[in-house]
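Fold and contact review
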Amino acid sequence: MKNTDAPAHVRGESVYLDDLPLLQGTLFACVYDSPVAHGVLNHIDLVEALKTPGVVRIITAKHLIGENQIGGIIADEPLLADGHVHFQGMPIALVLAESDEAAREAAKKIKADITPLEIITDPRIACAKNELIIPPKRFRLGDPAAAFGRCDYVYEGRADVNGQEHLYIETQGAYTVPMEGGGIKVYSSTQAPTAVQRAVSKVTGLPMHRIEVEVGRLGGGFGGKEDQANPWAALCAVATQLTKRPVKYSLHRMEDMRMTGKRHPYSADYKIGLDKNFKILAYEAVFYQNAGAAADLSPAVLERTLFHCTNAYFIPNVAATAYSCRTNLPPNTAFRGFGGPQGMFVIESAIAHAAEQLKAPASIIQQANLLKTGDEFPYGQKAESEAENSWLQAERHFDFEKLRQEVEAFNAENTFFKRGLAFMPICFGISFTKTAMNQARALVHVYTDGSVAVSTGAVEMGQGVNTKMQQVAAQIFGIPADMVKIHTTNTLRIANTSPSAASATADLNGKAVEMACRAILERLDRVRAGMGAVGAGASPAPTAPDLQNWQTTVNAAYLQRISLSEHAHYATPSVHFDWETAKGHPFAYHVYGLAAFQVTLDCLRGRYEVDFVKTVHDFGTSMNTAVDFGQIEGGIVQGVGWMTMEELVYDAAGKLRSNALSTYKIPDIYAVPKQIDIEPLVTDRENLAIFNSKAVGEPPLLYGIGAYFAIRNAVQAFNGSVSPACDAPFTPEKVLMNLYAAHEKEPGIVDVYRKAAENR
Ligand code: MOS
């Protein structure tokens, strides 16, 4: 089954927030945001702005009726600056005007008198000054101190990994409409309708039942609209409350890039210890997370860094510590992988370091330490591992030995082009690590014509969740997919939703749809039994009735006054976690896989191309390979972008320099790997996924880390004396510096080339 949204997307018929028809009297909003990263806000001068034709009103912190607070995990984030500013891009005032142009024109005329304070952008400096969002978090397994004493080889180093701009195609935005009696209807481009409802409730002082949040679909989220959709909805809602008019705000790209947080940059120290057989006996890591100016989701992201700090390896002795460091950058937030990728980059850096010192390919260390079923993660859960299966199937299927020989042959024949090969095993835990969030609800109505309407808490953001929900209902009822319509996500139909995040959306909401459909089907089966029809009797796996039988039964049920509607609730069984002991069973299951990356490096220019990514991926049993393969391809490209060309630059004043698509380079069609092979892992193991089809949202991004190490290997094939710092992304500039790093004192570039030619 294809993604059901595809035809409307291709024809431009899909409706996004900015496509909504506007009601008469709609006002347009624009934020005036702080030009200073840290300071005392003495005065806001609105005089000139208010004179701008079309301006209706300008709102500042003092006008709020409710609380000036939108912090989710920690109440540390004002909606509008009050007394202080903490990052460049922090909202200070909201202009409301009769047109979008007038609002933006007026915002430019606002002036703020700010006394500057010290600006911190480096998480290590923030940590040294004890600027922490929460106390440090720690994971511990075995006895690392003693184990290091038993190691034959011990290596220590540092790894740095930069953040990433989400660059969802649809920018952030909201549209709020006043309802009878003072309620507010909120259209929002959010992954988290309930989080928006809660934030709007707080800033307006209205109870949640007076606020309806409606989400049609998103033009991408990637985590960037998990908590960071809240401010725009909250600002519009406050404006609607104060003016009693509909208010729209759809951010321009540069506003969005400047004002929103991104993937967290991390700096880390590691220590890795191995025995003679390359078994990793001990691992220590200290992570410094650059949280930005407020908590946002940083504490939860920090936790996932720890959960994934040993990737797909079993290490019996682990000590990992993570600091969430407060800096004067926009609050960093969820981004596909949610801190996990940063943790994995550090262990892969440690392994690359060890491999270099031991003059062995990293793959030998990687393979020697893969998780086995029954192995314990540092957080206490026992693995049901597919790590070795993934590796072995990939090795067979893609013939690693041949790949290695081809790279060696190429490198022996070429002086100024070098190839690098790297392998990237992955392991990603599926479930929200906050156990309470692992719940979902679905509302299913069967109408008397036999057609079916489904609502869930899942938000469609291009990932194809609606297609999967449609499949679930159609399959359980045994009817064609086009008889099922998946409706918008709306807090009146489905309450208390968890965000569409953590890769868990299809599982949680799909299971709820499955339960609702089965409950209705059981009733229909009883009706059918009364009618004496074939296939009577409730069955857990019903055979598909033909369509006429379905319609007849539905009608009969209605006439017998049997309910054709169901609201079901699903909660993931068996998950729990205790932060007192930092042990538990946080994940319903893990997703595994292995990717082989090859890059070709142009050693004169420092440019590279990804020749191929060959992956064996653990889908469980994919319920929709069109959707799932799309997620793998997109995830790999996004991961490669993060590791190679996407360079987030904040200057010392906390100003985002890479603030547009001209200065922030994301993968285009030319940067996409020339070949992406996806082989499903052959496995028949049962799991807790919907229809046994494992979560596929975040895991494939992790493969992208392989691109970094493939490039690193190619650099070392050209310049054997360089040991490139593990400092992602590996931009062409950094590659070039490393290619010639050890030859700095040579008289001229020609000699460098001559020397390289001699070396071969
Ligand atoms: Mo996702 S990074 O869990 O919104």
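All values reported here derive from a predicted model rather than from experimental measurement. Starting from 1, residues in each chain are numbered consecutively following that chain's sequence as written. Per-residue local features are limited, in this predicted model, to residues with pLDDT of at least 70; the limit for side-chain atom pairs, both in listing and counting, is 80 or more; totals at the level of whole chains, interfaces and linings are taken over all residues. Computation of side-chain values: all heavy atoms of the structure, hydrogens and water removed.

**Focus: the overall build of the protein**
- Secondary structure follows DSSP: runs of H or I at least 4 residues long count as helices, runs of E at least 2 residues long count as strands, and numbering of each begins at the N terminus. When helices and strands are tallied, the protein shows 21 helices and 27 strands.
- Here the protein has a C-alpha radius of gyration of 27 Å; the compact-globule value for 760 residues is 27 Å, and the two agree.
- Seen along its three principal axes, the alpha-carbon backbone of the protein occupies a region of about 85 × 75 × 50 Å.
- For the exposure calls, accessible area comes from a 1.4 Å probe over protein chains only, and a residue counts as buried if that area is under 20% of its type's maximum, exposed if over 50%, partly exposed in between. Taken across its 760 residues, the protein has 60% of its residues classed as buried.
- Any pair of residues with heavy atoms lying within 4.5 Å of one another is described as a contacting pair. Residue pairs in contact within the protein that sit at least 24 positions apart in sequence constitute 80% of those at least 6 positions apart.
- Taken as two groups, the 70 positive and 82 negative side-chain charges of the protein have centres that lie 2 Å from each other. Radius of gyration here is computed from C-alpha atoms only, and the compact-globule reference equals 2.2 Å multiplied by the residue count raised to the power 0.38. Positive charges are assigned to Lys and Arg, negative charges to Asp and Glu, while His and the chain termini are left out of the count. In plain terms, the charge of a residue is placed at NZ if it is Lys, CZ if Arg, CG if Asp and CD if Glu.

**Brief notes about the nonpolar core**
- Judged by nonpolar contacts, the single largest core of 116 residues is most densely connected at Ile-272, Tyr-283, Phe-287, Phe-345, Ile-365, Phe-400 and Phe-597.
- It is helix 10 (residues 340-358) that provides the largest number of residues to this core, a total of 10 residues.
- If we ignore the near neighbours within four places in the chain, the residues touching Phe-345 are Ala-159, Asp-160, Val-161, Met-643, Ile-705, Tyr-708, Phe-709, Cys-726, Asp-727 and Ala-728.
- Listed in part, the 59 residues of the second largest apolar core include Leu-46, Ile-58, Ile-70 and Cys-236. Take the buried Ala, Val, Leu, Ile, Met, Phe, Trp, Tyr and Cys residues and link them wherever side-chain atoms come within 4.5 Å; each set so joined is a nonpolar core.

**Thoughts on the pattern of salt bridges**
- We define a salt bridge as a side-chain nitrogen of Lys or Arg found within 4 Å of a carboxyl oxygen belonging to Asp or Glu. If you walk through the whole model with that rule in mind, you get 36 salt bridges.
- With its nearest N and O atoms 3.8 Å apart, the salt bridge here joins Glu-214 to Arg-493. Residue Glu-214 is located in strand 11 (residues 211-215), and its partner Arg-493 is located in the loop between strand 20 (489-490) and helix 15 (505-530); the two are separated by 279 residues in the primary sequence.
- On the basis of relative accessible area, Glu-214 is assigned to the buried category, the value being 14%.
- Lys-468 serves as the salt-bridge partner of Asp-628, at 2.7 Å between the closest nitrogen and oxygen. Residue Asp-628 is found in helix 17 (residues 625-644), and its partner Lys-468 is found in helix 14 (residues 465-477); the two are separated by 160 residues along the sequence.
- Accessibility expressed as a relative area gives 0% for Asp-628, which makes it buried.
- Salt bridges sharing partners connect three or more residues here, namely Asp-100, Arg-104 and Glu-255.

**A closer look at the pairing of strand 18 (residues 452-456)**
- Counting buried residues in strand 18 gives five out of five residues, a clear majority hidden from the surface.
- For strand 17 (residues 439-446) and strand 18, the ladder comprises five bridges, and the chain directions are antiparallel. Among the inter-strand pairings, Leu-443 is bridged to a residue of strand 18, identified as Ser-455.
- Any two strands between which DSSP finds at least two bridges are classified as paired. Hairpin remark: strand 17 followed by strand 18, antiparallel, with five residues in the connecting loop; positive phi at Gly-450, about 90°.
- Where strand 18 and strand 19 (residues 484-486) come together, three bridges link them in parallel fashion. Of the residues in strand 19, the one forming a bridge with Ala-453 is Lys-485.
- For a crossover, the right-handed case is the one in which the path from the first strand over the helix to the second runs clockwise, viewed with the strands pointing away from the viewer. This β-α-β element, strand 18 to helix 14 to strand 19, shows right-handed connectivity.

**Structural notes on the packing of aromatic side chains**
- Working definition: rings of Phe, Tyr and Trp (its six-membered ring) pair if their centres are within 6.5 Å, and the pair is stacked with planes under 30 degrees apart, edge-to-face with planes over 60 apart, and tilted otherwise. For the coordinates displayed, the defined rule picks out 25 aromatic pairs.
- Taken together, a centroid distance of 4.4 Å and an interplanar angle of 40° make the contact between Phe-400 and Phe-423 tilted. Of this pair, Phe-400 sits in helix 13 (residues 400-413) while Phe-423 sits in strand 16 (residues 417-430), placing them 23 residues apart in sequence. Like Phe-400, the residue Phe-423 is buried in the burial classification.
- The interplanar angle of 45° and the centroid separation of 4.9 Å between the aromatic rings of Phe-477 and Trp-550 together place this pair among those described as tilted. With a gap of 73 residues between them, Phe-477 in helix 14 and Trp-550 in helix 16 (residues 547-559) connect regions that are remote in the sequence. The two residues Phe-477 and Trp-550 agree in class, both being buried.
- Grouped by ring-pair contacts, the aromatic residues Phe-139, Phe-307, Phe-377, Tyr-379, Phe-577, Trp-579 and Phe-587 constitute a single cluster.
- Charges are assigned to positions over rings by a cutoff of 6 Å between ring centre and Lys NZ or Arg CZ, combined with an angular limit of 35 degrees from the ring normal. Between the NZ or CZ atom of Lys-225 and the centre of the ring of Tyr-168, over which it lies, the distance is 4.5 Å.
- In this arrangement the basic side chain of Arg-263 is found over the ring face of Phe-335, its NZ or CZ atom lying 4.3 Å from the centre.

**Digging into the packing of helix 6 (residues 193-204) against helix 7 (residues 230-243)**
- Packing of helix 6 against helix 7 leaves a shortest axis separation of 9 Å and a crossing angle of 40°. One element, helix 6, and the other, helix 7, form an angle in the oblique class. Judged by the sense of rotation from one axis to the other, the crossing of helix 6 with helix 7 is right-handed. For the pair helix 6 and helix 7, contact is made by Ala-195, Val-196, Ala-199, Val-200, Val-203 and Thr-204 and by Asn-230, Ala-233, Ala-234, Ala-237, Val-238 and Gln-241, respectively.
- Asp, Glu, Lys and Arg are counted as charged, while Ala, Val, Leu, Ile, Met, Phe, Trp, Tyr, Cys and Pro are counted as nonpolar; the rest, among them Gly, fall into the polar class. A per-class count over the contact of helix 6 with helix 7 returns nine nonpolar, three polar and no charged. In this analysis an axis means a line fitted to C-alpha atoms, helices contributing only their contacting stretch, and an angle means the value between N-to-C directions, from 0 to 180 degrees. Between 65 and 115 degrees an angle is taken as roughly perpendicular, under 35 as roughly parallel, over 145 as roughly antiparallel, and anywhere else as oblique. Left-handed is the label given to a crossing in which the near helix is rotated counterclockwise from the far helix by less than a right angle, and right-handed is the label when the rotation is clockwise.

**Notes on helix 19 (residues 705-718)**
- Here the expected span of a helix is defined as 1.5 Å times the quantity of residues minus one. Look at helix 19: 21 Å from first C-alpha to last across 14 residues, which is about the 20 Å you get at 1.5 Å a residue.
- Among the 14 residues of helix 19, 12 are classified as buried, and the element is accordingly described as predominantly covered.
- Burial in helix 19 covers these residues: Ile-705, Gly-706, Ala-707, Tyr-708, Phe-709, Ala-710, Ile-711, Arg-712, Ala-714, Val-715, Gln-716 and Phe-718.

**Details of the side chain of Glu-303**
- Among the secondary structure elements, Glu-303 is positioned in helix 9 (residues 298-307).
- Beyond its immediate stretch of four places on either side in the chain, Glu-303 contacts Lys-137, Thr-433 and Trp-579.

**What about the sheet that holds strand 6 (residues 111-116)?**
- On the basis of which strands lie adjacent, the open sheet formed by three strands has the order 4-2-6 and antiparallel pairing. The sheet is open, and its two edges are formed by strand 4 (84-85) and strand 6, each paired on a single side.
- Where strand 2 (residues 39-45) meets strand 6, six bridges bridge the pair, whose relative direction is antiparallel. Bridged to Asp-45 within strand 6 is Lys-111.

**Some remarks on the confidence of the model for the protein**
- A residue's pLDDT is simply how confident the predictor is in it, with values from 0 to 100. Per-residue confidence for the protein averages 96 on the pLDDT scale, and 96% of its residues sit at or above 70.
- Between residues 535-542, whose pLDDT stays under 50, and residues either more than four places distant or in other chains, the model counts 14 contacts.

**Topic: helix 14**
- Here helix 14 contains 13 residues, and its C-alpha end-to-end distance of 19 Å stays within 8% of the 18 Å for a straight helix at 1.5 Å per residue.
- Most of helix 14 is tucked away, with 12 of its 13 residues classed as buried.
- Within the span of helix 14, buried status applies to Val-465, Asn-466, Thr-467, Lys-468, Met-469, Gln-470, Gln-471, Val-472, Ala-473, Ala-474, Ile-476 and Phe-477.
- Of the surrounding secondary structure, the elements contacted by the buried residues of helix 14 are strand 17, strand 18, strand 19, helix 15, helix 16 and helix 17.

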